[in-house]
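These are the residues of each chain, in order.
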Amino acid sequence: MNDRASSFPADAASPAWYRHRWPWLLMAGPFAVVVASLASAWIAVRSDDGVVAEDYYRQGLLINQKLARTAAVAKQAPGATISFEADRRIRIHLYGVAQAPSHLQLTLARPGEHRDEHRVSLARVDGGEWAGAMPDLASGRWIVTLESETWRLPMTTVVSPLREMTLGVVAGHS
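Residues numbered from 1 in each chain as written. Predicted model: local features only at pLDDT ≥ 70, side-chain atom pairs only at ≥ 80, totals over all residues. Heavy atoms only, no water.

Re the pairing of strand β4 (residues 113–126)
- In this sheet, β4 lies alongside strand β3 (residues 104–110) in antiparallel orientation, the contact comprising 7 bridges. Pairing of leucine 106 across the sheet is with valine 120, part of β4.
- Here β3 folds back onto β4, and the loop between the two strands holds 2 residues, one of which, glycine 112, carries a positive phi near 85 degrees.
- In this sheet, strand β5 (residues 129–133) lies alongside β4 in antiparallel orientation, the contact comprising 3 bridges. Looking at the pairing, aspartate 126 lines up with glutamate 129 of β5. (Pairing = 2+ DSSP bridges. Helix = DSSP H or I, 4+ residues; strand = E, 2+ residues; numbered from the N terminus.)

Here it is, written out as structure tokens:
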């Protein structure tokens, strides 16, 4: 009988599977995943984060009340149009202000840099108009904020050169 299994030479027998590198390379990935999951489970059991807040539901209700108040105030909030003129003058026209503020301040700041902040005190010119002198600003991004002693308009980020912008609610005004 001619058996195919016996036709191979006896000295050409391959080594055992564990002497080859490919099975070890194929098993390395799943083994690393098992080790990582055991480490994650150990960390999860060892460190307890606990409850963030015992009264989370009441705090959520308070946040909803604050948001409702903020929305009501935003409807009554003033608005402003800020014009940066060529002669380095700033002109601001206020909208929706029942009583003119006694003090108005414009802040120009660089994002992330507290030392490069310029505050401009503005003087009342007439009606809802205010004016001031613009500081010498480098080109780039600036955060613009307008505030008085009773309110502060939402800040905005602009890229110089500065021309004209609106802050707050100014829809419906000309």
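Observations concerning the side chain of threonine 145
- Structurally, threonine 145 is set in strand β6 (residues 141–148).
- Ignoring any residue separated from it by four or fewer positions in sequence, one finds threonine 145 in contact with Gln105, Leu106, Thr107, Arg152, Leu153 and Met155. (Contact = heavy atoms within 4.5 Å.)

Here's the deal with the sheet that holds β4
- With respect to topology, 8 strands assemble into an open sheet ordered β7-β6-β3-β4-β5-β2-β1-β8, the strand pairing being antiparallel. The sheet terminates laterally at β7 (156–159) and β8 (164–168), the two strands that pair on one side only. On average, adjacent strands in this sheet sit at an angle of 30 degrees to one another, irrespective of strand direction. (Axes fitted to C-alpha atoms, helices over the stretch in contact; angles between N-to-C directions.)

A look at unusual backbone geometry
- A positive phi angle is found at arginine 88, which is not glycine, with a value near 60 degrees.
- Mapped onto the elements, arginine 88 comes out in the loop between β1 (79–84) and β2 (89–95).

Brief notes about helix α1 (residues 22–46)
- If you check α1, its first and last C-alpha atoms are 37 Å apart, about what 25 residues at 1.5 Å a residue would give, namely 36 Å.
- At alanine 28, α1 shows its largest kink, close to 30 degrees, and the proline proline 30 lies no more than four residues downstream. (Expected span 1.5 Å × (residues − 1). Bend = angle between axes of the 7 residues up to and from the residue.)

So, the pattern of salt bridges
- Tallied over the full model, the rule gives 4 salt bridges.
- A salt bridge links arginine 58 to aspartate 55, with the nearest nitrogen and oxygen atoms 2.5 Å apart.
- Assessed through its relative accessible area of 49%, arginine 58 is described here as partly exposed.
- Two residues, glutamate 85 and arginine 91, come together in a salt bridge whose shortest N-O distance is 3.9 Å.
- Here glutamate 85 falls in the partly exposed class, since its relative accessible area comes to 33%.
- Bridged by salt links that share partners, the residues Glu85, Arg91 and Glu129 form one connected network. (Salt bridge = Lys/Arg side-chain N within 4 Å of Asp/Glu carboxyl O. Buried < 20%, exposed > 50% of the residue type's maximum accessible area, 1.4 Å probe, protein only.)

Things to note about the packing of aromatic side chains
- This structure, assessed with the given rule, holds 2 aromatic pairs.
- Three or more aromatic residues link up through ring pairs in this structure, and these residues are Trp17, Tyr18 and Trp24. (Phe/Tyr/Trp six-rings, centres within 6.5 Å; stacked < 30°, edge-to-face > 60°.)

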